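Coordinate analysis (summary)
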Amino acid sequence: VVLLVSKAAGPTTMAASSPQQDMVSGIYPSQRSLAEITELIHTAFLVHRGIVNLRELQNLDASVKDMQFGNKMAVLSGDFLLASACTGLAQLQNLMVMELMSTAICDLVQGIYYENASLGENNKVTDDTDLSDWEERTFLSHGSLLAKSCQCAMELAKHDVDIKTMAFQYGKHMSMSHKISMDLQPFFRENMSEKVTFNMNSAPVIFHQEFIGREAWLNQIKQVNLQRKAADYTKLYEVIKAGKGVNSAVDLGRYHGNKALEALKCLPPSEAKSALENIVYAVTKF
């Protein structure tokens, strides 16, 4: 996405005057490096998210020691990727880019912290989150990195403020729409014979809780006995799907998709712009 935004925005006179900025396939080398750095940061956090909660395993389980070793390797591997990304950022020699990408990493950490905050002993099932809080947390954990990476790509090409804002808005709204699409997938699955699982803090669930109220939502959870280890989500799944939460989440996903498309209007027609538009169409096809 960062490369497509870079190519769609095109060259600038100021960047072209730099001897180190020779475009290849319509993309500056620094923009290509930035895209690689973004992928490194994203992969590092995926590795860190793969750490297993050992408290959920039995002490006598033979795989506990393997899990402990795996967790250590995940921490070290993720840290190595982050260190490599930081080295790459320094090599770009652009203070604005370094500052923006540093805040993106900070946003990721904060967003993941919020996601895991509801996993404490007193509240393992769901968090008391309203829609505005959910959107803020989702942007931190899923939208900030891409939005600021797109903005940094425009900074490296020395585009004006309007183009930088466009890139940020596209990255933000496309990421939000993609996250909502992922949250909705369990509710549009075709194979109903498989076991039902979904995120209890996903967009459809948050909307469902908003419509019926927190107390009624907690009562529904108690009725299906989700506090057990082997939770049966089938009954709760049916209740949520029968309510207004799923349709409202679809509308929100399309809203963010339309905002992403609106941000692209200032760009000239090109194959890269069409590809960016097709990405939005794909993630908003519910």
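Cut-offs used in this document
Residues numbered from 1 in each chain as written. Predicted model: local features only at pLDDT ≥ 70, side-chain atom pairs only at ≥ 80, totals over all residues. Heavy atoms only, no water. Buried < 20%, exposed > 50% of the residue type's maximum accessible area, 1.4 Å probe, protein only. Helix = DSSP H or I, 4+ residues; strand = E, 2+ residues; numbered from the N terminus. Arc of directions from axis to C-beta. Contact = heavy atoms within 4.5 Å. Disulfide = S-S within 2.5 Å. Salt bridge = Lys/Arg side-chain N within 4 Å of Asp/Glu carboxyl O. Phe/Tyr/Trp six-rings, centres within 6.5 Å; stacked < 30°, edge-to-face > 60°. Lys NZ or Arg CZ within 6 Å of the ring centre and 35° of its normal. pLDDT = per-residue confidence, 0-100. Patch = residues over 30% accessible without salt bridge, like charges linked within 9 Å, V, L, I, M, F, W, Y side chains within 5 Å. Areas by Shrake-Rupley, 256 points an atom, 1.4 Å probe, with all protein chains shown as cover.

Take helix α10 (residues 234-242) next. Count 3.6 residues to each turn of an α-helix, and residues three or four apart come out pointing the same way. The set of residues buried in α10 consists of Leu-236, Tyr-237 and Ile-240. Looking down the long axis of α10, one finds its buried residues gathered within 105° of arc, a one-sided arrangement. Along α10, exposed side chains directed more than 90 degrees from the buried face belong to Lys-235 and Ala-242. Where the residues of α10 are buried, they touch α8 (203-212), α9 (214-223) and α11 (245-263).

One pass over the structure, following the stated rule, counts 0 disulfides. With no disulfide of its own, Cys-150 lies 9.4 Å from the sulfur of Cys-152, the closest cysteine sulfur.

This part covers the pattern of salt bridges. A full pass over the atoms with the stated rule returns 3 salt bridges. Lys-148 is the salt-bridge partner of Asp-107, the closest N and O atoms lying 2.9 Å from each other. Residue Asp-107 is located in helix α5 (residues 95-116), and its partner Lys-148 is located in helix α6 (residues 131-156); the two are separated by 41 residues in the primary sequence. Under the relative-accessibility criterion, Asp-107 is labelled buried at 11%. Of the charged contacts, one joins Glu-155 and Lys-164 as a salt bridge, the two residues approaching to 2.5 Å between their closest N and O atoms. Per residue, the accessibility class of Glu-155 equals that of Lys-164, and both read buried.

A complete count under the given rule lists 5 aromatic pairs for this structure. For the ring pair Phe-187 and Phe-198, a centre distance of 5.3 Å and an interplane angle of 50° mean the geometry is tilted. Taken together, the positions of Phe-187 in the loop between α7 (161-184) and α8 and Phe-198 in the loop between α7 and α8 put the pair 11 residues apart, joining distant regions of the chain. Pair check on accessibility: Phe-187 and Phe-198 agree, each one buried. Look at Phe-187 and Tyr-237: their rings are 5.3 Å apart centre to centre, the planes differ by 10°, and that puts the pair in the stacked class. Remark: Tyr-237 occurs in helix α10 and Phe-187 occurs in the loop between α7 and α8; sequence separation between them is 50 residues. Of the two residues examined, Phe-187 and Tyr-237, each falls in the buried class. The cationic tip of Lys-172 hangs over the ring face of Phe-139; the distance from NZ or CZ to the ring centre is 5.7 Å. In this structure, Lys-244 is placed above the aromatic ring of Phe-211, and the distance from its NZ or CZ to the ring centre is 5.8 Å.

Another aspect to go through is the confidence of the model for the chain. Per-residue pLDDT for the chain has a mean of 84; in total, 85% of the residues score no lower than 70. By mean pLDDT, helix α2 (residues 13-16) is the weakest element of the chain at 60, and helix α12 (residues 271-283) is the strongest at 95. Low pLDDT (under 50) marks residues 120-124, which in the prediction has 5 contacts with non-local residues, meaning those over four places away or in another chain.

Next up on the list: a nonpolar patch on the surface. Taken together, Phe-69, Met-73 and Leu-76 make up a surface patch of nonpolar side chains, about 330 Å² in accessible area. Examined against the element boundaries, Leu-76 turns out to sit in helix α4 (residues 64-92). Look at Leu-76 and you get exposed, because its relative accessible area is 55%.

Tracing the backbone through its elements, the reader meets Ser-149 in helix α6. Excluding anything up to four places from it in sequence, Ser-149 contacts Val-2, Leu-34, Thr-38 and Met-101.

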